[in-house]
Each structure stands twice: as structure tokens, then as C-alpha cells.
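The lines below spell out each chain.
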Amino acid sequence: MQSHASLPIGEFSRATHLSVKTLRHYHRIGLLEPAVVDRDSGYRRYTIEQIPTAQVIRRFRDLDMPLDEIHAVLAASDVQTRNDLIAAHLRRLEDGLARTQTAVSSLRDLLKHPSPSASFDVGHRNVAAMPAAAISEFVDLEDALTWHQGALGELYATLAAQDVLTAGPAGGIFSNDLFAHERGQATVFIPYVGAARPMGRVTTLVVPGIELATTVHVGAHTEIDRAYGALATYVTQHALSVDGPIREYYLIGRHDTADESQWRTEVGWPIFQTTPGHP
């Protein structure tokens, strides 16, 4: 029976940062099967309860755990067996790979708090249209973070060189294709007051107004999929989701401090208009 709180494969991909191609592969090998598969079209739907499982799988893959071992963990008949399998793999990694510590900590926290919305407060925000300096390009998902950092640095440098004042935090707009197909349009922008001139990759545009369900992610972007999952759960449970790209606003970021623990990123999921008093 289809869950009323379910997502099509594209939205589930966006919520979990697992591409459609990857989700289809996980379905074929029995690692993460969709809740419903349409007999005629073959179209897959997933429940919001599967978001934590997908996030756990993603963490294990970040830790280079083979797919057959992940399957064994998920299929373990008791908690002790599951924990023994996890502990054995973590010991192997921790012996030689100090870089895995962040992923290990994240996985343990996720296993303790499996609900995608437990650690996040979700609100609604109506964002007004605003002029901004922007860089927009088609990028591969694996290159997105590097591209993002370089583009934001170029925007800040261009506005500073032109003595243009910023009018709020920098932001990003990311197409669904970027998550679902591992390549898509990404736009980073900085609102400004006054006048700015296009230069190099930097253009000017009006960022359109939008109604968003929002939550704030604390820390580096490597863990931001948990905020995405919390928003996907919220908008699905309340039947608010509408088509449109995800937005991010960098309330405190690399431009403000090198201390990643201080970073604050507001993630916005497009929803039906709920804020009164706006056209």
C-alpha cells in the first residue's frame, strides 16, 4: 500500500543527495528498495521513513564500506550483530585513515537520532525579489563544492573592487538535475545596493521572490544533507512542496570565518504560499 507521505524518486534524490542513477542501482541489488513501484510505468516512490536509511547508506559509502557489507548491516537480525559489523569496519578505517573521523562521528550521531527532523526547527519565510550579482553555470555534482567556493570568492572580490555594498547574505540556487542526475545548473549570488557592472563570469540579475520552508544547518557543508532530509520530511508531511530549485543562504560562511563550526547555512525548500499579506 502506497504511503501518503511518499516522494517520487527525483524528490527523494534531492532529499538524500543520492542520484537517481544510484538509487536505481541500489534498487537492482536490493540494498534500498522503493516503497512502491508502478507496475505499468516502473516509476519508483519512497517514503519519508526511508530517508534515514538512505542517509546511513550514504555515510557508509563515505566510509568506503563495500555495498555487500552495507547490505549485511541493514539486514542484521539483531542490534548486536549490526553494531559488531559496524564496529569492525570502523576499526579498520580508524587504524590508518584519520580523515574518516568526521564521517564516523556523523554516522554515529545519525544512528542515535534517525528521525530526519529531530534536530532541526523548520519555519516559513517569504523572500522578496532582490537585485544581485551572480555566477551561474552547469556543474558536475562532484565538482560543485569547489566550484561554489571559487564562484563566491569571485563575487565578493568583484563587488569589493567596484565599491558596491552587499545587501544581505550570499545565497545559492541549485537545480533538481544537479542532485538527481549529478549535473545541473548552479547559481550563487550576493544581493547588493546601488549599481554593479557585469565582469568576467559575474552577471547581474533579479533573484525572484519565493515562499520557502527553511531550516538552518550548522557547520561544514559535508553534513548539509541532513537539513535537506528534514525539510523534505516536513513539506511532504504537510503537503506543501512545489516544483522548483532548492535555495541556500550563507548566514555565516567562509567569507566571515575560517572556523567551520561557526558556519550557518539556511536551506530553503520551495512551498505553496502560506505567509499572509503577500501577493
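Above this text you will find the structure in question.
To start, this report covers the structure provided alongside it. Just so you know, the residues in each chain are numbered from 1, in the order the chain's sequence is written. Reporting in this predicted model follows two pLDDT cut-offs: at least 70 for local features of residues, and 80 or more for side-chain atom pairs to be given and counted; totals over whole chains, interfaces and linings ignore these cut-offs and use all residues. Side-chain numbers here rest on the full set of heavy atoms in the structure, without hydrogens or water.

**Examining the pattern of salt bridges**
So, step 1. Throughout this description, the term salt bridge denotes a Lys or Arg side-chain nitrogen within 4 Å of a carboxyl oxygen of Asp or Glu. Enumeration according to the criterion identifies 8 salt bridges in this entry.
So, step 2. Salt-bridge contacts for E223 lead to R59; the nearest nitrogen and oxygen are separated by 3.1 Å. With a gap of 164 residues between them, E223 in the loop between strand 10 (210–218) and helix 9 (225–237) and R59 in helix 3 (residues 51–62) connect regions that are remote in the sequence.
So, step 3. The rule is simple: take the accessible area with a 1.4 Å probe, protein chains only, and divide by the maximum for that residue type; under 20% is buried, over 50% is exposed, in between is partly exposed. Assessed through its relative accessible area of 1%, R59 is described here as buried.
So, step 4. The residue D225 makes a salt bridge to R59 at a minimum N-O spacing of 3.0 Å. One end of the pair, D225, is in helix 9; the other, R59, is in helix 3, and 166 residues separate them in sequence.
So, step 5. The exposure class of D225 is buried, given its relative accessible area of 0%.
So, step 6. Several salt bridges share partner residues, and in doing so they unite R58, R59, E223 and D225 into one network. A helix here means a DSSP run of H or I that spans at least four residues, while a strand means a run of E at least two residues long, and both kinds are numbered starting from the N terminus.

**Description of the pairing of strand 3 (residues 44–47)**
So, step 1. Where strand 1 (residues 6–8) lies against strand 3, 3 bridges are found, and the strand directions are antiparallel. Looking at the pairing, L7 lines up with Y46 of strand 3.
So, step 2. Being paired, for any two strands, means DSSP has found at least two bridges between them. Bridging between strand 2 (residues 36–37) and strand 3 involves 2 bridges; their strand directions are antiparallel. Across the sheet, V36 pairs through a bridge with R45, a residue of strand 3.
So, step 3. Here strand 2 hands over to strand 3 after 6 residues, with G42 in that stretch at a positive phi of 75°.

**Quick look at the sheet that holds strand 1**
So, step 1. If you trace the 3 strands from one edge of the open sheet to the other, you get 1-3-2, paired in antiparallel fashion. The sheet terminates laterally at strand 1 and strand 2, the two strands that pair on one side only.
So, step 2. Contact definition: two residues touch when any of their heavy atoms are within 4.5 Å. All axes here are fitted lines through C-alpha atoms, helices being fitted over the stretch that makes contact, and every angle between N-to-C directions spans 0 to 180 degrees. Here helix 1 (residues 9–16) sits on the sheet in contact with strand 1 and strand 3, set at roughly 100° to strand 1.

**Focus on unusual backbone geometry**
So, step 1. With phi around 65°, E182 is a residue other than glycine that occupies positive phi space.
So, step 2. Locating E182 in the fold gives a position in the loop between helix 8 (176–180) and strand 8 (183–193).
So, step 3. Here A239, not a glycine, exhibits a phi torsion of approximately 50°, which is positive.
So, step 4. Residue class for A239 comes out exposed when judged on its relative accessible area of 57%.

**Observations concerning the packing of aromatic side chains**
So, step 1. For Phe, Tyr and Trp, where Trp contributes only its six-membered ring, two rings pair if their centres lie within 6.5 Å, and the inter-plane angle classes them as stacked under 30 degrees, edge-to-face over 60, or tilted in between. Evaluated as defined, the whole model comprises 3 aromatic pairs.
So, step 2. Seen from their ring centres, F12 and Y46 are 4.3 Å apart, and the 10° between their planes marks the pair as stacked. Separated by 34 residues along the polypeptide, F12 in helix 1 and Y46 in strand 3 bring together distant segments of the chain. The pair F12 / Y46 is uniform in exposure class, with both members buried.
So, step 3. Ring geometry for F189 and Y249: centres 5.9 Å apart, planes at 80°, overall edge-to-face. In this pair, F189 is assigned in strand 8 and Y249 in strand 11 (residues 246–252), connecting sequence segments 60 residues apart.
So, step 4. Using a relative accessible area of 0% as the deciding quantity, one classes F189 as buried.
So, step 5. For a Lys NZ or an Arg CZ to count as sitting over a ring, it must be within 6 Å of the ring centre and within 35 degrees of the ring normal. The ring of W269 is capped by R14, whose NZ or CZ atom sits 4.2 Å from the centre of that ring.
So, step 6. Over the face of the ring belonging to Y249 we find R125, whose NZ or CZ atom lies 5.1 Å from the ring centre.

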